[in-house]
Amino acid sequence: MKKKIADSFLELVQGDITQQDTDAIVNAANTSLLGGGGVDGAIHRAGGPQILEECRNLGGCKTGDAKITTAGNMKAQFVIHTVGPVYHGGTANEAALLASCYRRSLEIAVENHVKTVAFPSISTGVYGYPVNEAAPIALRTVHSFLLENSLITLVRFVLFDQRTFQAYADALNAIDG
Ligand code: ADP
């Protein structure tokens, strides 16, 4: 599923983010940046030990912010590590922090001349964010970024399972234009 937004594309696929050939892939990391499970574990396994070596020098990352490393052995050139909010029921600023993850990741992409970016569904695994709430936030944030910035040509959401893919597809259909 692909949607044109100004001069860019927003695409949804079901798949594995470690296999993407975009310039950068985004990692759903934790504040230590020193590795974890889920997509974080998969990225460090696929990329090799070099990514962790670089992460050690970054001094962690705040929730809602993002930092960049190279991508080791993967096809992508960079990994942008962002830290999503843990879901505490929705009243702990989770929506703003989740939107910030997507915005900060794209800002860092632009700073590094990255033109194509793949995102996983941040916070909807171990961090417990309901995917039906997270998907519209993710897509609206990326959509408005692409309307205002022409340097990114493609944002691809790589959704691991059918249920997550369907939630993002429904949310994308609900976005105007
Ligand atoms: P968080 O801690 O931010 O919730 P998780 O890694 O636990 O992050 O989960 C985020 C999402 O990433 C979940 O939908 C999970 O199914 C998905 N995921 C796990 N492995 C991969 C992968 N290799 N590629 C893409 N998505 C993945």
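Residues numbered from 1 in each chain as written. Predicted model: local features only at pLDDT ≥ 70, side-chain atom pairs only at ≥ 80, totals over all residues. Heavy atoms only, no water.

(A) Layout of the pairing of strand β7 (residues 154-159). Of all six residues in β7, six are buried, a share of seventy percent or more. Every second residue of β7 is oriented toward a common face, with L154, R156 and V158 on one face and V155, F157 and L159 on the other, all of them buried. Looking at chain direction, strand β2 (residues 8-14) and β7 are connected through six bridges and run parallel. From the neighbouring strand, L12 faces β7, where its bridge partner is F157. Bridging between strand β6 (residues 116-119) and β7 involves four bridges; their strand directions are parallel. Each bridged residue has a counterpart across the sheet, and for A118 the counterpart in β7 is R156. (Buried < 20%, exposed > 50% of the residue type's maximum accessible area, 1.4 Å probe, protein only. Helix = DSSP H or I, 4+ residues; strand = E, 2+ residues; numbered from the N terminus. Pairing = 2+ DSSP bridges.)

(B) Highlighting the sheet that holds strand β4 (residues 66-70). Read across the open sheet, the seven strands follow the order β1-β2-β7-β6-β3-β5-β4; overall the sheet is mixed. Across the chains shown, the open sheet's two edge strands, defined by having one partner strand only, are β1 (2-5) and β4. Strand-to-strand, the axes of this sheet are offset by a mean angle of 25°, without reference to chain direction. In this structure, strand β3 (residues 24-29) lies alongside β6, joined through two bridges in parallel fashion. Note on β6: the bridge partner recorded for I25 is A118. Sitting on the sheet, helix α3 (residues 94-111) touches β3, β4, β5 (78-83), β6 and β7, and the angle it makes with β5 is about 150°. Of the strands in this sheet, β1, β2 and β7 are in contact with helix α5 (residues 162-173), which crosses β2 at around 150°. (Axes fitted to C-alpha atoms, helices over the stretch in contact; angles between N-to-C directions. Contact = heavy atoms within 4.5 Å.)

(C) Region of interest: the side chain of R156. In this fold, R156 is placed in strand β7. Judged by relative accessible area, which is 14%, R156 ranks as buried. In this structure the side chain of R156 is engaged in a polar contact, spanning 2.8 Å, whose partner is the side chain of Q20. In contact with R156, not counting residues within four places along its chain, are E11, V13, Q20, D21, T22, V117, A118 and F119. (Polar contact = N/O pair within 3.5 Å; in protein donor to acceptor, adjacent residues only side chain to side chain.)

(D) Highlighting the site of the ligand. Taken together, 16 residues sit near the ligand, with D16, V39, S123, G125 and V126 positioned nearest. Between an oxygen atom of the ligand and a main-chain N or O atom of V39, the distance comes to 2.8 Å. Taking G125, its main chain carries an N or O atom lying 2.9 Å from an oxygen atom of the ligand. Relative to its unbound accessible area of 570 Å², the ligand is 90% covered by the protein chains. Top contributing element to the shell around the ligand by residue count: helix α1 (residues 38-47), with three residues. (Near = heavy atom within 4 Å. Areas by Shrake-Rupley, 256 points an atom, 1.4 Å probe, with all protein chains shown as cover.)

(E) Here's a closer look at the environment of L146. Positionally, L146 belongs in helix α4 (residues 131-148). For L146, a relative accessible area of 1% gives the class buried. For L146 and K4, which are 142 residues apart along the polypeptide, the C-alpha to C-alpha distance reads 9.7 Å. With sequence-adjacent residues up to four places away left out, L146 is seen in contact with I5, A6, S8, F9, L10, I152 and V155.

(F) Representation of unusual backbone geometry within the structure. Even without being glycine, A6 reaches a positive phi, approximately 55°. Within the element layout of this structure, A6 appears in the loop between β1 and β2.

(G) Structural context of the nonpolar core. One finds L12, F119, F157 and Y168 to be the most contacted residues of the largest nonpolar core, which totals 40 residues. Put simply, the parts of the chain that give this core at least two residues each are β2, β3, α3, β6, α4, β7 and α5. (Core = buried A, V, L, I, M, F, W, Y, C linked by side-chain atoms within 4.5 Å.)

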